[in-house]
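Reading the structure
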Amino acid sequence: VLDSPKGAVDVMDCLGSVRVVDCNVIGAPAQHNDTGFLEAEGGGPAEYVRDCAEFAVIDSTLRGGRGQNTATIVGGPGGDGAWLRFVESATIMRSIVRGGDGGTSDDSGDGGDGVFVQGITELHLDYSACVGGDGPDADPSFPLTGGDGGNGLRAGLQKVFDFQSVFQAGSFGLGIGF
């Protein structure tokens, strides 16, 4: 596993094909230091892919990192399982891709998306599960709102080919909801 500020697997500006086969990839969790009233840090994506001709995940498990826990601000969002942007063709086959859970706070962070795609010409999903990360309950000491669950798939695509795949949103957290 590579250590990158963007994702555990970080691919940018690749003119060829990239394959991730039979791997367990987990995005970095946010640093759990309380930053006062600044924005909480989000978890890292398991895979960050930008400007690539072709990308495939086969027989693998991807999981986004957990968002930052904090006592004073909104909890950090969970990282996406796979974050794909400007890829001509992407394939996820016989794999599980899950967003990271949001960080806990008075106003908890949202779960990451299982798969986030933008600017992709074709996405092929074959016998895979795309699951959003969970939004945790608000901190019980001062519970404002729980985090929202992430989407299984968040996409703005031209073509999606789906063969017996499962999409599931993450669960939402509880709070008193001001």
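Structural data are supplied above this passage.
Here we look at the side chain of serine 128
Position of serine 128 relative to the elements: it lies in the loop between β8 (122-126) and β9 (129-131). Within the structure, serine 128 has its side chain in polar contact with the backbone nitrogen of arginine 94 (distance 3.2 Å). Setting aside chain neighbours within four positions, we find serine 128 in contact with Ile92, Met93, Arg94, Ser95, Gln164, Ser165 and Val166.

Topic: unusual backbone geometry
In terms of backbone geometry, most residues other than glycine have negative phi values and most peptide bonds are trans. With a phi angle near 55°, aspartate 13 is a residue other than glycine that sits in the positive phi range. Mapped onto the elements of the fold, aspartate 13 is located in strand β1 (residues 9-21). In this structure, aspartate 51 takes a positive phi of about 55° despite not being glycine. As for its placement among the helices and strands, aspartate 51 is situated in strand β3 (residues 47-58).

Thoughts on the state of the cysteines
Applying the stated criterion to the full structure yields zero disulfides. Residue cysteine 14 stays outside any disulfide, its sulfur separated by 4.3 Å from that of cysteine 52, the closest cysteine.

Quick look at the sheet that holds strand β2 (residues 24-26)
The strand order β2-β4-β6-β9-β12 describes an open sheet built from five strands, whose pairing is parallel. Single-partner strands in this sheet number two, and they are β2 and β12 (166-168). Strand-to-strand twist in this sheet, taken as the mean axis angle between neighbours without regard to direction, amounts to 5°.

Procedures and definitions
Residues numbered from 1 in each chain as written. Predicted model: local features only at pLDDT ≥ 70, side-chain atom pairs only at ≥ 80, totals over all residues. Heavy atoms only, no water. Helix = DSSP H or I, 4+ residues; strand = E, 2+ residues; numbered from the N terminus. Polar contact = N/O pair within 3.5 Å; in protein donor to acceptor, adjacent residues only side chain to side chain. Contact = heavy atoms within 4.5 Å. Disulfide = S-S within 2.5 Å. Pairing = 2+ DSSP bridges. Axes fitted to C-alpha atoms, helices over the stretch in contact; angles between N-to-C directions.

These values are about where atoms sit, not about what they do.
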